[in-house]
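Read off the chains here:
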Amino acid sequence: MLSLVVNDALEGADIARRYPTFYRRLLADPQLRWAFLEALEILEKDKSGELEPLPDDLDVDLSFLERAQPPPPKLQEKPAGLWRLAWERPATYLQSLLLDTLLASRPIHRALANFLEDDRLTLVDDTVEVAGDELGVLLEAVRPAAAPGALHLSLLITAETAGALQATVEWGAFRETAVTKAFGRVTFPPLPLADIVDEIGQQIAAALCLTLEPVAP
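Residues numbered from 1 in each chain as written. Predicted model: local features only at pLDDT ≥ 70, side-chain atom pairs only at ≥ 80, totals over all residues. Heavy atoms only, no water.

Examining the pattern of salt bridges
And step 1. Summed over all chains, the structure comprises six salt bridges.
And step 2. A salt bridge links Lys74 to Glu88; the nearest nitrogen and oxygen atoms lie 3.6 Å apart. In this pair, Lys74 sits in strand 1 (residues 74–77) while Glu88 sits in strand 2 (residues 83–89), placing the two residues 14 residues apart along the sequence.
And step 3. Judged by relative accessible area, Glu88 falls into the partly exposed class, the value being 35%. (Salt bridge = Lys/Arg side-chain N within 4 Å of Asp/Glu carboxyl O. Helix = DSSP H or I, 4+ residues; strand = E, 2+ residues; numbered from the N terminus. Buried < 20%, exposed > 50% of the residue type's maximum accessible area, 1.4 Å probe, protein only.)

As structure tokens, this is what we get:
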């Protein structure tokens, strides 16, 4: 979606009108906004011939493309027009994600917890159409330097509906529920790393589940 919007922006399109849901998410998410502006700058320089050519012997590691894609969300229809969406991330997928995102070019014999400092990890990034509405979901985890023994989870929701939504995150022994507006961000209590890794801190030992549903009137 990002590459499509960047390309249209380069062509002079009004992305706020053409992609209203994405544009609102762009305004609300600093990381997405930074990625958009960086991609726009690179493509503008490439178009004007300002970028330096890549060396002929460039060796690019594309092994990350072989990672299995996460399963799509499960939708459960409920009476009175209610619904429930569930995103599941198996432990094996999360381990691969952690290795590719946080452990690249670093020794792998040290504990997993030692590599999460100052890194941001995207756990769920999806757009789903449900009940006639386009729902954007972004679940991220950050381990700040001030709290090296825990992950801080945040959830960004973008949607047209005005109703409140209930979000629940289950990951190992961690289970927290929060209520958010249809367009907004919510944070969860810190998640101890000990709840999701094995005894030696090298492997992710628990699957992740994110559920989202409207708050019943």
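From this point, the discussion proceeds with the structure in view.
Side note on the side chain of Thr211
And step 1. When you line up the elements, Thr211 lands in strand 10 (residues 208–214).
And step 2. The class of Thr211 is buried, set by a relative accessible area of 3%.
And step 3. Look past the residues within four positions of Thr211 in its chain and what remains in contact with it is Arg84, Leu85, Ala86, Gln166, Ala167 and Thr168. (Contact = heavy atoms within 4.5 Å.)

A few points about the packing of helix 3 (residues 20–28) against helix 4 (residues 30–48)
And step 1. Following both chains from N to C, one finds helix 3 and helix 4 inclined at 105°, their axes separated by 5 Å at the closest point. With respect to their mutual orientation, helix 3 and helix 4 come out roughly perpendicular. Two secondary-structure elements touch here, helix 3 through Phe22, Arg25, Leu26, Leu27 and Ala28 and helix 4 through Pro30, Leu32, Arg33 and Phe36.
And step 2. Counted by class, the contact of helix 3 with helix 4 contains seven nonpolar, no polar and two charged residues. (Axes fitted to C-alpha atoms, helices over the stretch in contact; angles between N-to-C directions. Parallel < 35°, antiparallel > 145°, perpendicular 65-115°, else oblique. Nonpolar A, V, L, I, M, F, W, Y, C, P; charged D, E, K, R; others polar.)

Considerations on the sheet that holds strand 7 (residues 174–180)
And step 1. Strand order in the open sheet formed by five strands is 1-2-10-6-7, and the pairing between neighbours is antiparallel. Of all strands in the sheet, those with a lone pairing partner are strand 1 and strand 7, marking the two edges. Across the sheet, the axes of successive neighbouring strands diverge by a mean angle of 15°, strand direction being ignored. (Pairing = 2+ DSSP bridges.)

Points about the pairing of strand 4 (residues 133–142)
And step 1. Along strand 4, eight of the 10 residues are buried, which leaves the element largely enclosed by surrounding structure.
And step 2. The pairing of strand 3 (residues 120–130) with strand 4 spans 10 bridges and is classified as antiparallel. Among the inter-strand pairings, Val128 is bridged to a residue of strand 4, identified as Leu135.
And step 3. Where strand 4 and strand 5 (residues 150–158) come together, seven bridges link them in antiparallel fashion.

Brief notes about the packing of helix 1 (residues 2–10) against helix 4
And step 1. Between helix 1 and helix 4, whose axes approach to 10 Å, the crossing angle comes to 50°. Here helix 1 lies oblique to helix 4, going by the angle between them. Like other packed secondary-structure pairs, helix 1 and helix 4 cross with a definite hand, here right-handed. Residues Leu2, Val5, Val6, Ala9 and Leu10 of helix 1 touch helix 4, and the partners they reach there are Leu32, Ala35, Phe36, Ala39, Leu40, Leu43, Glu44 and Lys47. (Left-handed = near helix turned anticlockwise from the far one by under 90°.)

Considerations on the pairing of strand 6 (residues 165–171)
And step 1. Burial within strand 6 is extensive, with five of its seven residues counted as buried.
And step 2. The pairing of strand 6 with strand 7 spans seven bridges and is antiparallel. Directly across from Ala167, in strand 7, lies its bridge partner Ala178.
And step 3. Where strand 6 folds back onto strand 7 in an antiparallel hairpin, the turn is made up of two residues, including Gly172, whose phi is positive at roughly 65°.
And step 4. Relative to strand 10, strand 6 is paired through seven bridges, and the arrangement is antiparallel. The residue bridging Gln166 from the neighbouring strand is Glu213, located in strand 10.

Description of the nonpolar core
And step 1. Judged by nonpolar contacts, the single largest core of 39 residues is most densely connected at Leu135, Leu155 and Trp171.
And step 2. Listing elements by their share of this core, those giving two or more residues are strand 2, helix 5 (91–102), strand 3, strand 4, strand 5, strand 6, strand 7 and strand 10.
And step 3. Element by element, the count of residues in this core is highest for strand 3, at five residues.
And step 4. Contact partners of Leu155, with chain neighbours within four places excluded, come to Val137, Leu138, Leu139, Ala167, Gly184, Arg185, Val186, Phe188, Leu210 and Leu212. (Core = buried A, V, L, I, M, F, W, Y, C linked by side-chain atoms within 4.5 Å.)

Some thoughts on helix 4
And step 1. If you check helix 4, its first and last C-alpha atoms are 27 Å apart, about what 19 residues at 1.5 Å a residue would give, namely 27 Å.
And step 2. Within the sequence span of helix 4, burial applies to Leu32, Phe36 and Leu40. Viewed along the axis of helix 4, the buried residues span an arc of 70°, placing them on a single side of the element. For helix 4, the exposed residues set more than 90 degrees away from the buried face come down to Pro30 and Trp34.
And step 3. The inward-facing, buried residues of helix 4 abut helix 1, helix 2 (15–18) and helix 3.
And step 4. Two residues or fewer after helix 4 comes Gly49, characterised by a positive phi angle close to 80°. (Expected span 1.5 Å × (residues − 1). Arc of directions from axis to C-beta.)

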